[in-house]
Amino acid sequence: MDNELEVTRTPPRNLAAEQAVLGAALLASDAIVEAMEYLTPDDFYTRAHQILFEAMLTLNEHDRPIDVVNLQNELERTKQLDNVGGVQYLAELAGAVPTAANVAYYAKIVSDKATARRLIETATKIASQGYEDTDDVTDMLDEAERSILNVAESNNQTDLQSIGDLLHTSSDHLLELSQQKSDVTGLPMGYPLLDKMTTGLHEDELIILAARPAMGKTAFVLNIAQNIAAHSNERPAVAMFSLEMGAESLVNRMLCAEGNINANHLRTGNMNEDEWQQYWVASQTLSEAQIYIDDTPGIKVAEIRAKCRRLAKRTGQLG
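Below you will find a few notes about this structure. (Residues numbered from 1 in each chain as written. Predicted model: local features only at pLDDT ≥ 70, side-chain atom pairs only at ≥ 80, totals over all residues. Heavy atoms only, no water.)

**Looking at the side chain of Thr-315**
Stated formally: Counting from the N terminus, the helices are the DSSP runs of H or I reaching at least four residues and the strands are the DSSP runs of E reaching at least two. Whether a residue is buried, partly exposed or exposed follows from its accessible area with a 1.4 Å probe, protein chains only, as a fraction of its type maximum: under 20%, in between, or over 50%, in that order. Contacts were defined at the residue level, with two residues in contact if any of their heavy atoms lie within 4.5 Å.
One can find Thr-315 in helix α14 (residues 301-315). A residue is classified by how much of its surface remains accessible, and Thr-315, at 17% relative accessible area, is buried. Once you skip the residues sitting within four places of it in the chain, Thr-315 turns out to touch Ala-237, Gln-290 and Tyr-292.

Here it is, written out as structure tokens:
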């Protein structure tokens, strides 16, 4: 009979760092403000420390000094004094650190441990869902990716930026643009008049192309994708999701456009010698472009999002 050893592991935490943050807040009036840049009450491991930090935030919100007396009064008001260890523990925290100068360093430690705990919690939840009997694996994969990204994003917040810094960045960008000879500052679509009107494609833009059926939307989008991936200076990766036309048909249309080949000749295979030469040249050009096509019928938005995440990570430059 096999012996099973069950090991219980304590979640990541640093109680000394938590005490140092709370102690620093009792020593200096501005320490709590600095700690707030990194921490929320939930970032603390022990419930007592969560309650204490929440009470300190309340005192700070009401412009009351954060000291042992005021903290004791606030905890008595909320009937939480006994839950944090009483007045004796407040006194211990006041002497936990000799100075409040390193509060940011300790707050970062507490924040990192909290992120590690959330990652473990998320991974455990994903594992539990994996054992459940479900037919919709796609939704489960998307939820797993989103959960992991949420943990990463919560640990990757940007600081407040002053308008002076933003103006400096804007002026540098404007100076860089002024030195360009072309009016197209984004990715060129390969249509000179349209590029001049739009200045090209830019990051953070969502562009919707709408028209009635059989007006040439697919051909137009194929040409843009082809121009960007195969002929632009940046040559980023381009992902295409087609819900109505197969991948091979899309490739054939791009080959016809790239090699100036009669589409009917390509469909039937009855191409003359020049067209065969143009076909091989076009094939070589397109093979060197980072164009990825998915023709899954009825694909869900969640699947598109998940596939784009993976492609962006793989190529490093999904355009």
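The rest of the description comes next.
**A word on the pattern of salt bridges**
Defined as follows: Within this document, salt bridges are pairs made up of a side-chain nitrogen of Lys or Arg and a carboxyl oxygen of Asp or Glu, the two lying within 4 Å of each other.
Applying the stated rule across the entire model yields seven salt bridges. The salt bridge involving Glu-74 is made with Arg-77; its shortest N-O contact spans 2.6 Å. Pair noted here: Glu-74 and Arg-77 are both in helix α4 (residues 68-77), with a separation of three residues, about one helical turn. Glu-74 gets classed as buried once you look at its relative accessible area, which sits at 4%. Look at Arg-77 and you get exposed, because its relative accessible area is 57%. With its nearest N and O atoms 2.7 Å apart, the salt bridge here joins Glu-143 to Arg-146. Taken as a pair, Glu-143 and Arg-146 lie in helix α7 (residues 137-154) at a separation of three residues, close to a single helical turn. Judged by its relative accessible area of 26%, Glu-143 is partly exposed.

**Here we look at the side chain of His-49**
Heads up, the rule is: In the analysis that follows, any N or O atom pair within 3.5 Å is treated as a polar contact, provided that within protein one partner can donate a hydrogen and the other can accept it, and provided that, for residues neighboring in sequence, both atoms belong to side chains.
Note on placement: His-49 falls in helix α3 (residues 47-61). Residue classification places His-49 among the buried positions, given a relative accessible area of 3%. Side chain to side chain, His-49 and Thr-46 meet in a polar contact 3.1 Å long.

**Considerations on the nonpolar core**
We count it as follows: What is meant by a nonpolar core is a set of buried Ala, Val, Leu, Ile, Met, Phe, Trp, Tyr and Cys residues, joined one to another through side-chain atoms within 4.5 Å.
Within the largest apolar cluster, 34 residues are counted, with the highest numbers of intra-cluster contacts made by Val-21, Leu-52, Phe-53, Met-56, Leu-71 and Leu-75. Looking at this core, the element that brings in the most residues is α3, giving eight residues. Every residue in contact with Leu-71, bar those within four places of it in the chain, is listed here: Leu-26, Leu-52, Ala-55, Met-56, Leu-59 and Leu-90. Counting residues in hydrophobic clusters, the runner-up holds 22 residues, among them Ile-228, Leu-250, Ile-261 and Met-271.

**Considerations on unusual backbone geometry**
Trans peptide bonds make up the majority, and among non-glycine residues the majority have a negative phi. Residue Lys-79 is not a glycine yet carries a positive backbone phi of 60°. By the element assignment, Lys-79 lies in the loop between α4 and α5 (86-94). Assessed through its relative accessible area of 72%, Lys-79 is described here as exposed. Here Thr-199, not a glycine, exhibits a phi torsion of approximately 60°, which is positive. Relative to the helices and strands, Thr-199 is located in the loop between α9 (192-198) and α10 (217-231). Relative accessible area serves as the criterion here: at 27%, Thr-199 is assigned to the partly exposed category.

**A word on the pairing of strand β1 (residues 238-241)**
The criterion, for reference: Each pair of strands is called paired provided DSSP finds at least two bridges between the two strands.
Taking every second residue as pointing to the same face, the buried face of β1 carries Val-238 and Met-240, while none of Ala-239 and Phe-241 on the other face is buried. In the sheet, β1 pairs with strand β2 (residues 291-294) via four bridges, with the strands oriented parallel. If you follow Phe-241 over to β2, its bridge partner there is Asp-294.

**Observations regarding the packing of aromatic side chains**
Quick reminder of the rule: A pair of aromatic rings is counted whenever rings of Phe, Tyr or Trp (Trp by its six-membered ring) have centres within 6.5 Å, and the orientation is called stacked for planes under 30 degrees apart, edge-to-face for over 60 and tilted otherwise. Here, a charge over a ring is recorded when the distance from Lys NZ or Arg CZ to the ring centre is within 6 Å and its angle to the ring normal is within 35 degrees.
For the structure shown, the criterion picks out six aromatic pairs. Relative to Tyr-279, the ring of Trp-276 lies with its centre 5.8 Å away and its plane at 80°, an arrangement referred to as edge-to-face. Here Trp-276 and its partner Tyr-279 are both found in helix α13 (residues 273-287), three residues apart, which amounts to about one turn of the helix. Across the ring face of Tyr-45, the terminal group of Arg-13 is positioned such that the distance to the ring centre comes to 5.8 Å.

**A closer look at the packing of helix α1 (residues 15-27) against α3**
What counts is decided by this rule: Fitted lines through C-alpha atoms give the axes, limited to the stretch in contact for helices. The angle between two N-to-C directions lies from 0 to 180 degrees. With respect to orientation, any angle under 35 degrees is reported as roughly parallel, any angle over 145 as roughly antiparallel, any angle of 65 to 115 as roughly perpendicular, and every other angle as oblique. For any pair of crossing helices, the crossing counts as left-handed if the nearer helix is rotated counterclockwise from the farther one by less than a right angle, and right-handed if it is rotated clockwise.
At a minimum axis distance of 11 Å, the contact between α1 and α3 shows a crossing angle of 25°. Viewed along their axes, α1 and α3 adopt a mutual orientation that is roughly parallel. Where α1 crosses over α3, the handedness of that crossing is left-handed. Along its contact with α1, which presents Leu-15, Glu-18, Gln-19, Leu-22, Ala-25 and Leu-26, the element α3 presents His-49, Leu-52, Phe-53 and Met-56.

**Section: helix α6 (residues 103-131)**
For an α-helix, the turn length of 3.6 residues means that residues three or four places apart are oriented alike. The criterion, for reference: A helix is expected to span 1.5 Å for every residue after the first.
Over its 29 residues, α6 runs 43 Å from end to end, which matches the ideal 42 Å to within 8%, given 1.5 Å per residue. Listed as buried for α6 are Val-103, Ala-104, Ala-107, Ile-109, Val-110, Ser-111, Ala-114, Thr-115, Arg-117 and Thr-122.

**What to know about the environment of Asp-294**
By secondary structure assignment, the location of Asp-294 is in strand β2. Its relative accessible area of 13% is what places Asp-294 among the buried residues. Residues Asp-294 and Phe-241, 53 residues apart in the sequence, show an inter-C-alpha distance of 4.9 Å. Once you skip the residues sitting within four places of it in the chain, Asp-294 turns out to touch Met-240, Phe-241, Ser-242, Ile-299 and Lys-307. Among the polar contacts made by the side chain of Asp-294, one reaches the side chain of Thr-296 at a distance of 2.6 Å.

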